Amino acid sequence: MPGENCAVFGCGSCRRTKGIGIWKLPLAKDEAHEKWREEWLGEIKKTREMDWNFRELIKYDRVYTCEKHFAPEDIEIFTSAKMTKKKLRFGALPTLNMPKKSHETEKPAARPARSVPLSDSSISTCSSRSRSVYYKTFSELCQKMKSLKSLNEWSYKTFSDRLVIRKELEQFLLPKLEICIDNSLGFTVKMFGSFLVDDHELYLKYHRSMQNVTLSMLVKELEAYSL
């Protein structure tokens, strides 16, 4: 039946394939399962386009992944006289036999950085910017966040060691944008469940620290991206 095939792009397994275990995306019934669900879906999204069909599968909870993409130690096998049942270990993620994207080929060596002479005025400007600290503590950021109008369409959860801010499109879909800020003011960004690459321009620009950017500025730049 449609929607019961393995969701990994190019895989031909389905629920009717004999001898192959296949499991549905876990329900987000608590925080631990929600984290597992997001990470599982994030692995699939790395090599599959978020087109209308895939969004519908997520929306109606019909995303399956077969055992070909899980490590053998993540699969528990129970055998009885009548049947053999396979169960997935909690927290297991599909990372095996995944298709590769075209950009995952060997990259050419990076060009050496150019040396650009700076005038005294440029040095002065850079120095003054480097001294600017937008947030000094995690508690200060959390307090200021509550009054930001730019977050009207976002939801947030505050934990003892981190702040998670999300912008969601529809219920049961992965958040369009998610910002996680830890108590050292470092930040990480996800787009539809996938982490930004480590050398993303936002990370390089602000050194992955909320000391170097306001939350409003960061949200504005993220929303300007075409996803």
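Residues numbered from 1 in each chain as written. Predicted model: local features only at pLDDT ≥ 70, side-chain atom pairs only at ≥ 80, totals over all residues. Heavy atoms only, no water.

Trainee: Teacher, can you tell me more about the sheet that holds strand β6 (residues 162-167) here?
Mentor: Think of a sheet as strands paired side by side through backbone hydrogen bonds, with each pair either parallel or antiparallel. Read from one edge to the other, the open sheet built from five strands follows the order β5-β6-β7-β8-β9, with strand pairing classed as antiparallel. At either margin of the open sheet sits one strand with a lone partner, and together these are β5 (155-158) and β9 (194-195). Pairing analysis gives five bridges linking strand β7 (residues 177-182) to strand β8 (residues 187-191), with the strands arranged antiparallel. Looking at the pairing, Glu178 lines up with Lys190 of β8. Taken strand by strand, helix α1 (residues 31-45) contacts β5, β6, β7, β8 and β9, and its axis lies near 60 degrees from that of β6. (Pairing = 2+ DSSP bridges. Helix = DSSP H or I, 4+ residues; strand = E, 2+ residues; numbered from the N terminus. Contact = heavy atoms within 4.5 Å. Axes fitted to C-alpha atoms, helices over the stretch in contact; angles between N-to-C directions.)

Trainee: What is the right way to read the nonpolar core from this model?
Mentor: Taken as a class, soluble globular proteins show a tendency for nonpolar side chains to be buried jointly. One finds Ile165, Ile179, Ile181, Phe187, Met210 and Leu215 to be the most contacted residues of the largest nonpolar core, which totals 26 residues. With residues up to four places along the chain from it excluded, the contact list for Ile165 reads Met145, Leu151, Trp154, Ser155, Tyr156, Leu177, Glu178, Ile179, Ile181 and Leu215. Ala7, Ile44, Ile58 and Leu173 belong to the second largest nonpolar core, which has 19 residues in total. (Core = buried A, V, L, I, M, F, W, Y, C linked by side-chain atoms within 4.5 Å. Buried < 20%, exposed > 50% of the residue type's maximum accessible area, 1.4 Å probe, protein only.)

Trainee: What should I look at first to understand the layout of surface pockets in this one?
Mentor: Any space left empty among the atoms is revealed by the rolling of a water-sized probe across them. By volume, the second largest pocket amounts to about 390 Å³. Together, 17 residues line the second largest pocket, and Lys35, Glu38, Arg162, Arg166 and Glu178 are the ones closest to its centre. Of all the secondary structure elements, the ones that give two or more residues to the lining of the second largest pocket are α1, β6, β7 and β8. With six residues, α1 is the single largest residue contributor to the lining of the second largest pocket. (1 Å grid on protein atoms, 1.4 Å probe; cavity = no way out; pocket = protein on both sides within 12 Å on 5 of 7 lines; lining within 4 Å. Points joined across faces, edges and corners; volume = space filled by probe spheres on them.)

Trainee: Looking at this structure, I do not really get the packing of aromatic side chains. What am I missing?
Mentor: For any pair of aromatic rings, the description rests on two quantities: the centre-to-centre distance and the angle between the ring planes. According to the stated counting rule, one finds five aromatic pairs in the structure shown. Taking 5.7 Å as the distance between ring centres and 45 degrees as the angle between the ring planes, the aromatic pair formed by Trp36 and Trp40 counts as tilted. Remark: Trp40 and Trp36 occur in helix α1; sequence separation between them is four residues, near one turn of the helix. Pair check on accessibility: Trp36 and Trp40 agree, each one buried. With 5.9 Å between their ring centres and 55 degrees between their planes, Phe187 and Tyr203 make a pair best called tilted. Of this pair, Phe187 sits in strand β8 while Tyr203 sits in helix α5 (residues 201-206), and the two are 16 residues apart along the sequence. Tyr203 shares its class with Phe187; the two are buried. (Phe/Tyr/Trp six-rings, centres within 6.5 Å; stacked < 30°, edge-to-face > 60°.)

Trainee: Explain the confidence of the model for the protein here, please?
Mentor: With 83% of its residues at a pLDDT of at least 70, the protein reaches an overall mean of 82. Across the protein, the element-wise mean pLDDT spans from 47 in helix α3 (residues 120-130) up to 94 in strand β2 (residues 64-66). Below pLDDT 50 for its whole length, residues 122-130 participates in one contact with residues either more than four positions away or in separate chains. (pLDDT = per-residue confidence, 0-100.)

Trainee: Help me understand the pairing of β6, please; the structure alone is not making it clear to me.
Mentor: Across the six residues that make up β6, a large majority, five, are buried. Where β5 meets β6, four bridges bridge the pair, whose relative direction is antiparallel. Note on β6: the bridge partner recorded for Lys157 is Val164. Between the end of β5 and the start of β6, which pair antiparallel, lie three residues. Here six bridges tie β6 to β7, and the two strands are oriented antiparallel to one another. Of the residues in β7, the one forming a bridge with Arg162 is Asp182.

Trainee: I'm lost on helix α6 (residues 215-223) in this one. Help?
Mentor: One turn of the α-helix equals 3.6 residues, which is why residues spaced by three or four share an orientation. Taken together, the buried positions of α6 are occupied by Leu215, Leu218, Val219 and Leu222. Projected down its long axis, α6 carries its buried residues within an arc of 95 degrees, all on one side. Contact partners of the buried residues in α6: α4 (138-145), β6, β7, β8 and α5. (Arc of directions from axis to C-beta.)

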